[in-house]
Amino acid sequence: MRARIRSGELRPGQRMPTQAKLADEFGVERAAVRQALRILQSEQLLTNVAKGAPATVAGRPGGAPTGPGAPPQPTTAALAPRIAAAFEAEHVEIDAVCLTATSLTLAIGEPLRRIHAGRMKPAKVDVRVLLPGRNVDLAFPVAVGDPDDDRGGNRHDDRGDDPVHERWLSMRNAQGQVLRHNLRALRATHGIDVRVSFRALPFTPPMKLYLLNGVEAFFAYYTPSRSEAQIGQENIRTYDVQGTRSALFAFEQGAGTRDSAFVTQSRLWFDALWETISSELRLTG
């Protein structure tokens, strides 16, 4: 929805579809739609979210630039338009280091929609994603433990007894499966050559990194904070991160010595992780 507003497809003053229609379109519960609408209102993209009628696109939707030199924006706001632009290329190459691939899965939704609408058609798409391995002793998300415990949280020898870890693992697997399914479907529907690969890291990435077509790099820190999660019938205090809201910094080849060096070194770093210490990752329980 954010991408549609920023692209101008949803115009200022235009009413959004009803929550029921949005829930049906995206295949989610109405509670998820309401949360998304509230987030868009907090970003000053929508108004009248709390009213009985459908929300309205704000009169001056945020259309801030996302390239080098632009102020950082939340990941969900900054990444989507750049991913959409990357899909204009004949050969799309996307590399990502992240915790669950949630932001990437959301951002790719808009170019996929444009492809299905016949507005773009790359010949080839290559996506590589590095995620923490299932048995990694994560730094976050973790349950808040005894402050005297120098391990920083409640660790479990049996991962099946750790509900916070199991919730993260379920999210990692679900987001990865959706990303892979949606992209691979382009083979059958549009004859696009698609390859989607995942590998497992032996550590918790302290930041997220996205490399687009070898010429753009987007970087954001994962900043842990205390939060509370309802898992099953239990409320658990955790150290967790809000990855979709992390401020994303943009770098581009040719935008100056510093930017070019950052993109080059980021590509070298990603390739080194991919080819050395990462391992096979299966998106299963």
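Just so it is clear, the structure is predicted and the values come from calculations on it, not from any experiment.

Turning our eyes to something else, we now look at the packing of aromatic side chains. When we look at a pair of aromatic rings, we describe it by the centre distance and by the angle of the planes. Using the criterion set out here, one finds 5 aromatic pairs in the structure. An angle of 20° between the planes, with centres 3.9 Å apart, marks the rings of F251 and F262 as stacked. Separated by 11 residues along the polypeptide, F251 in strand β12 (residues 247–252) and F262 in helix α7 (residues 257–275) bring together distant segments of the chain. Accessibility expressed as a relative area gives 25% for F262, which makes it partly exposed. On the numbers, 5.8 Å between centres and 20° between planes, the contact of F270 with W274 is stacked. One end of the pair, F270, and the other, W274, are both in helix α7, 4 residues apart, so they sit about a helical turn from each other. Judged by its relative accessible area of 1%, F270 falls in the buried class. An aromatic cluster is built from F219, Y221, F251 and F262, whose rings are joined through pairwise contacts.

As for its position among the elements, N213 is in the loop between β8 (207–212) and β9 (216–221). A distance of 3.1 Å separates a polar atom in the side chain of N213 from the backbone oxygen of A86. Setting aside residues up to four positions removed in sequence, N213 forms contacts with A86, A89, H91, V92 and E93.

Looking now at the environment of G232. For G232, the position within the fold is in the loop between β10 (225–231) and β11 (234–240). Each C-alpha atom of the pair G232 and R167 lies 10.0 Å from the other, and the pair is 65 residues apart in sequence.

By volume, the largest pocket amounts to about 1,800 Å³. In terms of lining, the largest pocket is formed by 46 residues, of which the most central are T76, T102, L106, Q175 and T244. Counting only elements with at least two residues in the lining of the largest pocket, the list comes to α1 (2–7), α2 (19–26), α3 (30–42), α4 (75–86), α5 (102–116), α6 (163–190) and β8. Sort the elements by how many residues they give to the lining of the largest pocket and α5 lands first, with 9 residues. Residues of the lining of the largest pocket, tallied by class, amount to 24 nonpolar, 12 polar and 10 charged. In this structure, the second largest pocket encloses a volume near 160 Å³. Counting only elements with at least two residues in the lining of the second largest pocket, the list comes to β7 (193–201) and β13 (279–280). A breakdown of the residues in the lining of the second largest pocket according to their chemical character gives 6 nonpolar, 3 polar and 4 charged.

Following F140, the chain continues to P141 via a peptide bond in cis, the omega torsion being 0°. Even without being glycine, N48 reaches a positive phi, approximately 60°.

Next up on the list: the nonpolar core. Core analysis: the largest hydrophobic core is formed by 46 residues, its most contacted members being I83, F87, I94, L104, I108 and L183. Residue contacts for I108: discarding those within four places in its chain leaves I83, F87, I94, L179 and L183. M1, L10, V49 and A55 belong to the second-largest nonpolar core, a separate cluster that totals 14 residues.

All right, on to the pairing of β9 then. Counting buried residues in β9 gives 5 out of 6 residues, a clear majority hidden from the surface. Summarising the sheet, β8 and β9 pair through 6 bridges and their orientation is antiparallel. Each bridged residue has a counterpart across the sheet, and for L211 the counterpart in β9 is A217. Hairpin connection, β8 to β9: the antiparallel pair is bridged by 3 residues, and N213 has positive phi, about 55°. Note: β9 against β12, 4 bridges, orientation antiparallel.

Reading the values: rules and limits
Residues numbered from 1 in each chain as written. Predicted model: local features only at pLDDT ≥ 70, side-chain atom pairs only at ≥ 80, totals over all residues. Heavy atoms only, no water. Phe/Tyr/Trp six-rings, centres within 6.5 Å; stacked < 30°, edge-to-face > 60°. Helix = DSSP H or I, 4+ residues; strand = E, 2+ residues; numbered from the N terminus. Buried < 20%, exposed > 50% of the residue type's maximum accessible area, 1.4 Å probe, protein only. Polar contact = N/O pair within 3.5 Å; in protein donor to acceptor, adjacent residues only side chain to side chain. Contact = heavy atoms within 4.5 Å. 1 Å grid on protein atoms, 1.4 Å probe; cavity = no way out; pocket = protein on both sides within 12 Å on 5 of 7 lines; lining within 4 Å. Points joined across faces, edges and corners; volume = space filled by probe spheres on them. Nonpolar A, V, L, I, M, F, W, Y, C, P; charged D, E, K, R; others polar. Core = buried A, V, L, I, M, F, W, Y, C linked by side-chain atoms within 4.5 Å. Pairing = 2+ DSSP bridges.

Everything listed here is a matter of coordinates, which is why it stays silent on function.
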